[in-house]
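# A structural walkthrough
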Amino acid sequence: NERSKSEINNPDVARNALARCNLIIGFHPDQAAGEIADFAMARNIPWCIVPCCVYSDLFPRRRLSNGFNVKSYEQLIQWLLEKDPSANVCSLDLEGRSKVVYTLPKDRQLQ
């Protein structure tokens, strides 16, 4: 049964599952951090990302609003924040890279 598996290999099943999401989460998503935010924003749903690795060599076009390339963890956090003006950041109580960048549902935005 496709629903009992923890891994989805069928693209149609994956699209169907993602179409029903009300929140997109990425915990140390590696190269997918920007795409997670873009996917959620395109669907007008909140997102939450705990980024880890920057992969600046793989993403030379990632730039901050000031024109600097994204090369450090702090710059990656800032880049994610710049993707959505309603995005926020806080730190989780765990070891290692623990900053979480997130948005809230539109009806729950922070003032």
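Scroll up to find the structure.
Residues numbered from 1 in each chain as written. Predicted model: local features only at pLDDT ≥ 70, side-chain atom pairs only at ≥ 80, totals over all residues. Heavy atoms only, no water.

Here the focus is the pairing of strand 2 (residues 47-50). One ladder, built from four bridges, connects strand 1 (residues 24-27) with strand 2; its direction is parallel. Along strand 2, the bridge assignment pairs Phe-27 with Val-50. On the question of chirality, the crossover connecting strand 1 to the parallel strand 2 by way of helix 2 (residues 33-42) is right-handed. As paired elements, strand 2 and strand 4 (residues 99-102) share two bridges and run antiparallel to each other. Directly across from Cys-48, in strand 4, lies its bridge partner Tyr-102. (Pairing = 2+ DSSP bridges. Helix = DSSP H or I, 4+ residues; strand = E, 2+ residues; numbered from the N terminus. Right-handed = clockwise from strand over helix to strand, strands pointing away.)

Attention now goes to unusual backbone geometry. The phi torsion at Asp-30 lies on the positive side, around 55 degrees, for a residue other than glycine. Along the chain, the position of Asp-30 falls in the loop between strand 1 and helix 2. For Asp-30, a relative accessible area of 30% puts it in the partly exposed group. For Asn-44, which is not glycine, the phi dihedral falls at a positive 60 degrees. With respect to the element layout, Asn-44 can be found in the loop between helix 2 and strand 2. Take Asn-44: its relative accessible area is 53%, and that puts it in the exposed class. (Buried < 20%, exposed > 50% of the residue type's maximum accessible area, 1.4 Å probe, protein only.)

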